[in-house]
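Now for the letters of each chain:
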Amino acid sequence: MLMETTTQGGVTVLTPQIVRLDAAVAAAFKDAASVALASAPPRAVINLHTVDFIDSSGLGALVSVLKSLGTNGRLALVGVAPQARTIFKLTRMDQIFALHATVNEAVTALSN
Amino acid sequence: MLVLIADADDARARLLRGIVARWGGEALVVSSIEQARSAVAQLGARLVLCGPSLNGGGPELVSALRAGDTMGVGRVEPGRLIVLYVDPETLDTDPESVMARARTLGADDIIAGPLDAAGIGLRLDLARRMLELGDRLVEQTAQLTAAIERMSRDLEAAAAMQRTLLPPPSLKIGPLAFESLLAPSTVVAGDIFNYFRLDDRHIAFYLLDVAGHGVPSAMMSVTLSRVLTPQAMILGRRREDAALPADQRIRAPADVVAELNRRFRFNGQVSSYFTMILGVFDAETGLLRLCQAGHPCPIVLRPGAAPLQIGGSGFPVGLWDGATFDEITVTLQPGDRLVLHSDGITEAPKAQTQALYGDARLLSLLQDAGDRPLRAVLDTVAAEALRWSGGELSDDVSLLAFEVLPVGALELDADDAIVG
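The shown structure was predicted, so the numbers you read here are calculated from the model rather than taken from an experiment.

1. Examining the overall build of chain B
Move 1: On a plain count of helices and strands, chain B comes out with 11 helices and 16 strands.
Move 2: In terms of overall dimensions, chain B is more spread out than a globule: its C-alpha atoms have a radius of gyration of 36 Å, far above the 22 Å expected for 420 residues.
Move 3: In terms of overall dimensions, chain B has a C-alpha envelope of 105 × 50 × 40 Å along the principal axes.
Move 4: When the 420 residues of chain B are sorted by exposure, 50% land in the buried category.
Move 5: Pairs at least 24 apart in sequence give 69% of the contacts found in chain B among residues at least 6 apart.
Move 6: When the accessible area of chain B is evaluated, it comes to approximately 19,100 Å², of which 54% is carbon and sulfur surface.

Quick look at the structure:
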């Protein structure tokens with residue numbers, strides 16, 4: 001799985017090039033994210049603007065990434081599609097992850 | 001290795017016999033197509049050097065062997081039998097030549113020009129390696145087929161075992177007439193549910209959906225169904241609990257779910273968390289207490305009213321350590337129905353467009369179903385999810401529903417098991 005990694009204002013920004021974050025790619029996503037975040041500060045943004053569907057496996061993978069950042073870790077998500085927003089709300093994951101409209105907004109929020 | 005030399009030209013056959021002997025093979029010379037076919041069928045010859053002057057025709061032998069006309073051995077696949085066509089006189093340039101015909105008919109290789117021991121030895125080496133590879137392929141295919149059959153049987157057995165954990169699909173417990181349905185997307189399911197009596201007035205039920213699919217999710221669902229027993233819903237493990245009046249010993253669904261959240265902690269494996277609805281109904285007051293843990297909203301169907309989703313949100317179980325769980329309460333009256341469903345219905349993607357079935361379609365389907373028998377309503381919803389998915393479910397579909405029966409039906413059935 002292709003995972004684009006950039007650093008912006010001391011925050012790692014991951015952009016997975018996928019359309020569905022589901023059981024088929026969840027493990028690969030988790031692995032790619034843990035490689036990208038291994039030596040990064042525990043603040044990260046995942047840009048999901050290409051993703052239009054997240055299922056329970058995808059949600060589990062996102063929580064795994066957040067937990068891998070440690071107790072002080074902060075993970076913001078950008079570009080969460082309407083279907084995924086519904087899932088985040090239903091499962092209250094909108095209280096666990098900060099959801100932002102743009103990468104800049106997320107980076108600013110994490111930098112404070 | 002037995003090498004069949006099929007050629008009626010004595011001088012060439014002798015030459016070939018010498019070459020085969022030097023190569024280390026055991027040569028058998030035949031001069032007609034019938035003899036060649038019988039050598040393949042009866043002696044199991046698998047390497048054939050076929051010459052042009054065979055009685056009955058060289059290309060005809062190639063054709064016969066490939067077509068399976070081998071006196072009962074059946075169709076011979078490349079890899080089980082190698083036919084090398086030998087023709088020192090003809091050059092393989094004329095599309096009409098016997099050699100070109102032999103090749104078209106399925107010879108594995110052609111040896112043209114003067115017979116050369118080293119060159120033929122090399123072809124024979126290659127042929128033997130091909131036969132060995134073919135044998136290995138057959139052997140491995142047999143092993144794989146056996147392994148797949150064994151796993152399929154195991155999976156079927158696991159599915160049968162999982163089905164034994166489900167309650168009867170139609171079951172009346174006190175004033176509640178339950179109906180349920182489980183349609184796994186693979187053989188085994190990550191969805192599971194149950195309903196049972198807790199005491200002479202309380203009835204508990206749950207529907208849960210383990211994240212992910214397949215065997216890991218199914219194993220987790222079986223574990224959970226073993227944990228979610230009537231005993232888990234009733235206080236009594238501590239001495240002071242045992243002293244409580246019976247009706248105060250029923251645990252709040254949210255407390256039971258919170259305990260599950262402490263027991264089943266997320267370990268990075270997707271199948272380690274699940275969503276669920278756990279409910280307790282008080283038959284005396286009609287009060288229904290529910291805990292919604294990341295699961296789609298329960299739907300209340302009241303005669304003459306539009307279907308109503310209750311609840312809204314809640315953490316899944318086992319995903320987040322600090323999660324807290326809320327209680328939803330609603331008072332039901334006779335005639336009311338409650339429908340719980342898994343997201344295998346509302347998140348079902350349409351075959352071509354990937355558009356999700358969604359809550360709105362489910363609610364409208366339930367509205368249209370009106371007061372049809374609950375069994376028929378559930379069957380319709382499941383059929384609709386299957387139709388929407390183009391005939392193949394991508395996630396388990398489960399439904400649990402009940403109707404509150406009229407007051408006259410409230411007497412307890414003597415058969416109902418009472419756990420206390």
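2. Points about the pattern of salt bridges
Residue and element names in this part refer to chain B.
Move 1: Enumeration over the complete set of coordinates arrives at 19 salt bridges over all chains.
Move 2: Here Arg46 makes a salt bridge to Asp135, at a shortest N to O gap of 2.7 Å. With Arg46 in the loop between helix 2 (33-43) and strand 3 (47-50) and Asp135 in helix 5 (residues 117-164), the pair connects residues that are 89 residues apart, well separated along the chain.
Move 3: In this structure Arg46 comes out as partly exposed when scored by relative accessible area, which is 21%.
Move 4: Residue class for Asp135 comes out partly exposed when judged on its relative accessible area of 28%.

3. Points about helix 11 (residues 374-388) of chain B
Residue and element names in this part refer to chain B.
Move 1: Between the first and last C-alpha of helix 11 there are 21 Å, a value that for 15 residues agrees with the 21 Å anticipated at 1.5 Å per step.
Move 2: Those residues of helix 11 that are buried are in contact with strand 7 (176-183), strand 15 (337-341), helix 9 (343-346), helix 10 (358-369) and strand 16 (397-404).
Move 3: At the exit of helix 11 stands Gly390, carrying a positive phi of roughly 75 degrees.

4. Thoughts on the environment of A:Leu66
Move 1: Locating A:Leu66 in the fold gives a position in helix 2 (residues 56-68).
Move 2: With a relative accessible area of 8%, A:Leu66 lands in the buried category.
Move 3: Those residues in contact with A:Leu66 that lie beyond four places of it in its chain are A:Gly73, A:Leu75, A:Ile96, A:Phe97 and B:Trp320.

5. Some details on the nonpolar core
Move 1: Core analysis: the largest hydrophobic core is formed by 90 residues, its most contacted members being A:Phe88, A:Phe97, B:Phe205, B:Phe274 and B:Met276.
Move 2: Ranked by the residues each element gives to this core, the list is headed by strand 9 (residues 202-210) of chain B, at 7 residues.
Move 3: Beyond its immediate sequence surroundings of up to four residues, A:Phe88 is in contact with A:Ile54, A:Leu59, A:Leu62, A:Leu77, A:Val80, A:Met93, A:Asp94, A:Phe97 and A:Leu99.
Move 4: In terms of nonpolar packing, the next biggest core, distinct from the first, is built from 22 residues, B:Val381, B:Trp388, B:Leu393 and B:Leu399 among them.

6. Here we look at the environment of B:Val3
Residue and element names in this part refer to chain B.
Move 1: Within the element layout of this structure, Val3 appears in strand 1 (residues 2-6).
Move 2: Considering only alpha carbons, one finds Val3 and Arg153, 150 residues apart in sequence, at a separation of 43 Å.
Move 3: Setting aside chain neighbours within four positions, we find Val3 in contact with Val20, Trp23, Glu26, Ala27, Leu28, Leu47 and Leu49.

7. Here we look at the interface of chain A and chain B
Move 1: Across the boundary between the two partners, chain A contributes 22 residues, which contact 24 residues of chain B.
Move 2: Between chain A and chain B, the buried area comes to about 1,800 Å², and carbon and sulfur atoms account for 59% of it.
Move 3: Considering only the side of chain A, the residues that lose the most area to chain B are A:Lys67, A:Leu90 and A:Arg92, jointly responsible for 33% of the buried surface there.
Move 4: Linking chain A to chain B there are 1 salt bridge.

8. Examining the sheet that holds strand 2 (residues 11-16) of chain A
Residues and elements named next belong to chain A.
Move 1: Strand order in the open sheet made by the 5 strands is 1-2-4-6-7, with mixed pairing throughout. The sheet is open, and its two edges are formed by strand 1 (3-8) and strand 7 (98-100), each paired on a single side. The average undirected angle you get between the axes of adjacent strands in this sheet is 25 degrees.
Move 2: Examined bridge by bridge, strand 2 and strand 4 (residues 43-47) share 3 bridges and lie parallel to one another. Looking at the pairing, Val13 lines up with Val45 of strand 4.

9. Some words on the state of the cysteines
Residue and element names in this part refer to chain B.
Move 1: Tallying each qualifying case throughout the model produces 0 disulfides over all chains.
Move 2: Free of any disulfide, Cys297 has its nearest cysteine sulfur in Cys291, 12 Å distant.
Move 3: A relative accessible area of 12% means that Cys297 is categorised as buried.

10. What to know about the packing of helix 1 (residues 26-37) of chain A against helix 2 of chain A
Residues and elements named next belong to chain A.
Move 1: The geometry of helix 1 relative to helix 2 is characterised by a closest axis approach of 9 Å and an angle of 15 degrees between their N-to-C directions. Taken together, the axes of helix 1 and helix 2 lie roughly parallel to each other. Along this stretch, helix 1 crosses helix 2, giving a crossing that reads as right-handed. Residues Ala26, Phe29, Lys30, Ala33 and Leu37 of helix 1 form the contact with helix 2, whose own contacting residues are Ser57, Gly58, Ala61, Leu62, Ser64 and Val65.
Move 2: Here the residues of the contact of helix 1 with helix 2 sort into 7 nonpolar, 3 polar and 1 charged.

11. A look at the side chain of A:Asp55
Residue and element names in this part refer to chain A.
Move 1: Take Asp55: it is sitting in the loop between strand 5 (53-54) and helix 2.
Move 2: Despite being buried, Asp55 has no salt bridge partner; Arg20 is the closest side chain of opposite charge, sitting 6.1 Å away.
Move 3: A polar contact is formed between the side chain of Asp55 and the backbone nitrogen of Ala23, at a distance of 3.3 Å.

12. Focus on the pairing of strand 9 of chain B
Residues and elements named next belong to chain B.
Move 1: Within strand 9, 9 of the 9 residues are buried, which leaves it mostly tucked inside the rest of the structure.
Move 2: Alignment of strand 8 (residues 191-197) against strand 9, held across 7 bridges, turns out to be antiparallel. For Phe193, the partnering residue across the bridge sits in strand 9 and is Leu207.

13. Some thoughts on the packing of aromatic side chains
Where two aromatic rings form a pair, the distance of their centres and the angle of their planes describe that pair.
All names here are of chain B.
Move 1: Counting across every chain of the model gives 9 aromatic pairs over all chains.
Move 2: For the ring pair Phe205 and Phe402, a centre distance of 5.2 Å and an interplane angle of 70 degrees mean the geometry is edge-to-face. Residue Phe205 is located in strand 9, and its partner Phe402 is located in strand 16; the two are separated by 197 residues in the primary sequence. Here Phe205 and Phe402 have matching classes, each one buried.
Move 3: Ring-pair connections join several aromatic residues into one group, and the members of that group are Phe178, Tyr195, Phe205, Phe281 and Phe402.

Basis of the calculations
Residues numbered from 1 in each chain as written. Chains lettered and ligands numbered in written order. Predicted model: local features only at pLDDT ≥ 70, side-chain atom pairs only at ≥ 80, totals over all residues. Heavy atoms only, no water. Helix = DSSP H or I, 4+ residues; strand = E, 2+ residues; numbered from the N terminus. Rg over C-alpha atoms; globule rule 2.2 N^0.38 Å. Buried < 20%, exposed > 50% of the residue type's maximum accessible area, 1.4 Å probe, protein only. Contact = heavy atoms within 4.5 Å. Areas by Shrake-Rupley, 256 points an atom, 1.4 Å probe, with all protein chains shown as cover. Salt bridge = Lys/Arg side-chain N within 4 Å of Asp/Glu carboxyl O. Expected span 1.5 Å × (residues − 1). Core = buried A, V, L, I, M, F, W, Y, C linked by side-chain atoms within 4.5 Å. Buried area = accessible area lost by both parts, 1.4 Å probe. Pairing = 2+ DSSP bridges. Axes fitted to C-alpha atoms, helices over the stretch in contact; angles between N-to-C directions. Disulfide = S-S within 2.5 Å. Parallel < 35°, antiparallel > 145°, perpendicular 65-115°, else oblique. Left-handed = near helix turned anticlockwise from the far one by under 90°. Nonpolar A, V, L, I, M, F, W, Y, C, P; charged D, E, K, R; others polar. Lys, Arg positive; Asp, Glu negative; His and termini not counted. Polar contact = N/O pair within 3.5 Å; in protein donor to acceptor, adjacent residues only side chain to side chain. Phe/Tyr/Trp six-rings, centres within 6.5 Å; stacked < 30°, edge-to-face > 60°.

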